[in-house]
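Residue-level listing of the chains:
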Amino acid sequence: MSKEHEMIKLRYNYGYTWEHYKDVYAKGYAFLNRELYEGKSLAKLFSEFNDIHEMEKSLPKLKGLFAIILPRDDSLYLVEDITRTFPIFYAVNENEIIITDDTFWLRDNSELDDDACAEFLRCLYVTGPYTLLKGVHQVQAGEIVRITLDGQIHRKFYHEYVVKRNEVKTESYDRLTKEFYEIIGWVIDRLIAFADGDTIVIPLSGGYDSRAIASLLKKKGYENVICYTYGKPDSTEVNTAKEVAKALGYEWLYIEINDEVIPQNYPNEKWFLEFYKYAFNHTSTIHLQGFFVFMHLHENNLIPKNSIVVPGHTGDFLRGGHLRKLPLPKTKEDVWKRVLAKHYVLNEHVKLPYSIKEKFWEYLNRYSDDVLVYSIDDNWNMKNRQAKFIVNSNKTYEYFGYRHAIPLWDAELVEFFRRLPIEYKYNRVLYNEVLERKVFKPLGVLITQAEKAEGLREKFYHKVFHSWGIYKSMRYFAELHLPYWIKRPLRDLVRPDENNMYSVSKPILNELKRKYYFVEFSDIVAEWCLKRAKCPYGGANK
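Residues numbered from 1 in each chain as written. Predicted model: local features only at pLDDT ≥ 70, side-chain atom pairs only at ≥ 80, totals over all residues. Heavy atoms only, no water.

A.B. asks: How do you make sense of the overall build of the protein chain when you look at a structure like this?
C.D. replies: The helix and strand tally for the protein chain stands at 23 helices and 16 strands. Counting only C-alpha atoms and orienting by the principal axes, one finds that the protein chain spans roughly 65 × 55 × 50 Å. Residue burial in the protein chain is summarised as follows: out of 542 residues, 61% are buried. Excluding contacts between residues fewer than 6 apart, the proportion of contacts in the protein chain whose partners are at least 24 apart in sequence is 72%. Here the protein chain has roughly 22,000 Å² of accessible surface; of this, 48% comes from carbon and sulfur atoms. Counting 77 positive and 75 negative side-chain charges, the protein chain places the averaged centre of each group 4 Å from the other. (Helix = DSSP H or I, 4+ residues; strand = E, 2+ residues; numbered from the N terminus. Buried < 20%, exposed > 50% of the residue type's maximum accessible area, 1.4 Å probe, protein only. Contact = heavy atoms within 4.5 Å. Areas by Shrake-Rupley, 256 points an atom, 1.4 Å probe, with all protein chains shown as cover. Lys, Arg positive; Asp, Glu negative; His and termini not counted. Charge placed at Lys NZ, Arg CZ, Asp CG, Glu CD.)

A.B. asks: Is there a simple way to think about the sheet that holds strand E15 (residues 308–309) in this case?
C.D. replies: Each strand in a sheet pairs with another by means of backbone hydrogen bonds, the pair being arranged parallel or else antiparallel. Spatial strand order, E14-E13-E12-E15-E16: five strands in an open sheet with parallel pairing. Looking at the sheet topology across the chains shown, the edges are occupied by strand E14 (251–255) and strand E16 (403–404). The sheet contact formed by strand E13 (residues 225–230) and E14 spans five bridges and is parallel. Bridged to Thr229 within E14 is Tyr254. Strand contacts of helix H7 (residues 236–248): E13 and E14, with the helix running at about 165° to E14, the strand carrying the most contacts. (Pairing = 2+ DSSP bridges. Axes fitted to C-alpha atoms, helices over the stretch in contact; angles between N-to-C directions.)

A.B. asks: What is the right way to read the confidence of the model for the protein chain from this model?
C.D. replies: In low-pLDDT regions, the fine details of the predicted coordinates are not to be read closely. With 91% of its residues at a pLDDT of 70 or more, the protein chain shows a mean pLDDT of 91. Within the model, the stretch residues 1–5 combines pLDDT values under 50 with 12 contacts to residues more than four positions away or in other chains. (pLDDT = per-residue confidence, 0-100.)

A.B. asks: Hey, could you run me through the nonpolar core in this one?
C.D. replies: Leu78, Ile99 and Leu217 are the most contacted members of the largest nonpolar core, which has 96 residues in total. With 10 residues, the top contributor of residues to this core is helix H5 (residues 173–195). The next biggest cluster of nonpolar side chains, apart from the first, holds 86 residues, and it includes Tyr278, Val309, Ile356 and Tyr397. (Core = buried A, V, L, I, M, F, W, Y, C linked by side-chain atoms within 4.5 Å.)

A.B. asks: What should I look at first to understand the sheet that holds strand E8 (residues 97–100) in this one?
C.D. replies: Taken together, four strands build an open sheet; the order of strands is E1-E8-E7-E9 and the sheet is mixed. Pairing within the sheet leaves two strands with one partner each, and these edge strands are strand E1 (8–9) and strand E9 (136–138). When strand E7 (residues 89–92) meets E8, the two strands line up antiparallel, connected through four bridges. Residue pairing for E8: Phe89 is matched across the bridge by Thr100.

A.B. asks: For this particular structure, what's the right way to read the state of the cysteines?
C.D. replies: Each disulfide consists of one covalent bond between the sulfur atoms belonging to two cysteines. Under the definition given, this model contains one disulfide. Between the sulfur of Cys117 and that of Cys535 lies a disulfide, 2.5 Å long from S to S. On the criterion of sequence distance, the pair formed by Cys117 in helix H4 (residues 114–123) and Cys535 in the segment after helix H23 (521–532) is long-range, its members being 418 residues apart. Look at Cys117 and you get buried, because its relative accessible area is 0%. As a non-bridged cysteine, Cys529 has Cys535 as the owner of its nearest cysteine sulfur, 11 Å distant. Overall, Cys529 belongs to the buried group, its relative accessible area being 0%. (Disulfide = S-S within 2.5 Å.)

A.B. asks: Quick question: what am I supposed to make of the pairing of strand E10 (residues 143–148) here?
C.D. replies: Counting buried residues in E10 gives five out of six residues, a clear majority hidden from the surface. Where strand E6 (residues 75–80) lies against E10, five bridges are found, and the strand directions are antiparallel. Residue pairing in the sheet places Val79 in a bridge with Ile144 of E10.

A.B. asks: Would you explain the pattern of salt bridges in this entry?
C.D. replies: Note that side chains of opposite charge can pair when their charged atoms are close. Per the stated rule, a full pass over the model turns up 27 salt bridges. Where Lys220 meets Asp189, a salt bridge forms, and the shortest distance between an N and an O atom there is 3.0 Å. In this pair, Lys220 is assigned in the loop between helix H6 (208–219) and E13 and Asp189 in helix H5, connecting sequence segments 31 residues apart. Classification of Lys220 by relative accessible area gives partly exposed; the value is 40%. Asp189 sits in the partly exposed class, given a relative accessible area of 35%. (Salt bridge = Lys/Arg side-chain N within 4 Å of Asp/Glu carboxyl O.)

A.B. asks: What's the story with the packing of aromatic side chains in this structure? I'm lost.
C.D. replies: Here the distance between the centres and the angle between the planes together describe a pair of aromatic rings. Scanning the model with the defined rule gives 48 aromatic pairs in all. Seen in terms of ring centroids, Phe272 and Phe292 are 6.3 Å apart; in terms of plane orientation they differ by 15°. Their pairing is stacked. Residue Phe272 is found in helix H8 (residues 270–280), and its partner Phe292 is found in helix H9 (residues 291–299); the two are separated by 20 residues along the sequence. For the pair formed by Phe272 and Phe292, the shared burial category is buried. Ring geometry for Phe291 versus Phe400: centroids 5.4 Å apart, planes at 40°, classification tilted. In this pair, Phe291 sits in helix H9 while Phe400 sits in the loop between helix H14 (395–399) and E16, placing the two residues 109 residues apart along the sequence. Of the two residues, Phe291 and Phe400, both sit in the buried class. Taking NZ or CZ as reference, Arg211 lies 5.3 Å from the ring centre of Phe440, over its face. The aromatic ring of Phe104 is capped on one face by Lys277, whose charged end is 5.5 Å from the ring centroid. (Phe/Tyr/Trp six-rings, centres within 6.5 Å; stacked < 30°, edge-to-face > 60°. Lys NZ or Arg CZ within 6 Å of the ring centre and 35° of its normal.)

A.B. asks: Teacher, can you tell me more about H8 here?
C.D. replies: An α-helical turn contains 3.6 residues, so any two residues separated by three or four positions project in the same direction. When we look at burial in H8, the residues that qualify are Phe272, Glu274, Phe275, Tyr276, Tyr278, Ala279 and Phe280. Considering only its buried residues, H8 is in contact with H4, H9, H14 and H23. Asn281 sits one or two residues past H8 and shows a positive phi near 50°.

A.B. asks: Honestly, the environment of Asp51 in this entry has me stumped. Any pointers?
C.D. replies: Mapped onto the secondary structure, Asp51 falls in the loop between helix H2 (40–47) and helix H3 (52–58). Classification of Asp51 as partly exposed rests on a relative accessible area of 38%. For Asp51 and Leu32, which are 19 residues apart along the polypeptide, the C-alpha to C-alpha distance reads 17 Å. Side-chain polar atoms of Asp51 contact the backbone nitrogen of His53, separated by 3.3 Å. (Polar contact = N/O pair within 3.5 Å; in protein donor to acceptor, adjacent residues only side chain to side chain.)

And the structure:
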């Protein structure tokens, strides 16, 4: 190929930088056969594969966060890891092929897709390989996109989370618990090797996932750890995290979200609009829940500049937390109904276009009858919500110049849970039982948020509403059958605003002239994103 450099327009080097070796571009890091490859050495690794077949065989073995742009055999190959941490976008027309990490660079020559804008408001991101811009596509998590010089596009997943009946593990429960504990130990070993003595910063919540990372680092003897938590002083998250950090002997920082932490004119500040473009990219709603907290930590030098931020994404998903929220699907139609009830529940004043249902059924029909139905639901969640919304929250750390890692999204760990029998994710939760028995209890951090609930509302939410299974029983019916004007206040009634998101949303609310409901915090941010992008739906909600 002779024109690949003219096609490739890469701009963003926050946290991680694009590195170039010969004709290969790489960003991020990966372990292969216990050896760590970062930046230029990662690009070199891909340049030295003998052919594309060797690359495809190696990709499932890579453990880390990476994106690759690789010219070979009169084609350009675009590769995303299983998390889609570093998004790659592409546009092909009669005259040119453009590869970029910045969709705003393509905006002037692209029209907004009204149906995609509606989907964005309803679920916070654009699903599949599409974006809000017509003709501009994204490489999906675990996908290889091949673009030939004459503009033909070929897409192929080298990793999916679906599981066939004959792939489900058949070992005993005891053997599976030992295997999980062994694998998660290797995962933390890789994290320690990557950190190489640098400070690991953990956003410590009251849940199990960030606690698992902190606790396992403690068991491995890694002491250079700082934990931080934010929210209201009396919240269950704060109280639980404080006690966990104290028991582990790690430094713990607490930031209260209030008007002093939130710049009141931030939506119009140049530095914030740059973050918006970086994290939004005509694909995903930006994350503001922890943005100003981390900015406070950074600007006040409370964490070292070379720190690696390690959030708990997303053990809740792996252990079956999203499957347990609703009855398991038995048919593909059930999967569609579950996705409607779980994901397309925001900004319900906007009608979901029929094209979105057609797109979803195209996805469903890719899978044969030997694929377990529940895993089709999980796979869609992984490729879309997890990759484009949850993982996208890490853009905050990158924007302020920090590296990050997602150990609970390690490819080896993901593969274990992909094949784990459903009864150990839906009924008896293996993930929780192993951590409680082998990690939390020995370290004295087997603490539940229900124990730390102080207010009457918080006690009801943690001790009754969730503990008694009321949430799962009511949600499916409510989301599918109740009108929005009833669901909205009900959601606010049962879910306490423990992080004071009202302070974060006030500057946006003033701009949108929209009323605040805590459960609509993400809806509000999504609407603001579209308003800035000049989408017809932006600012439409009242």
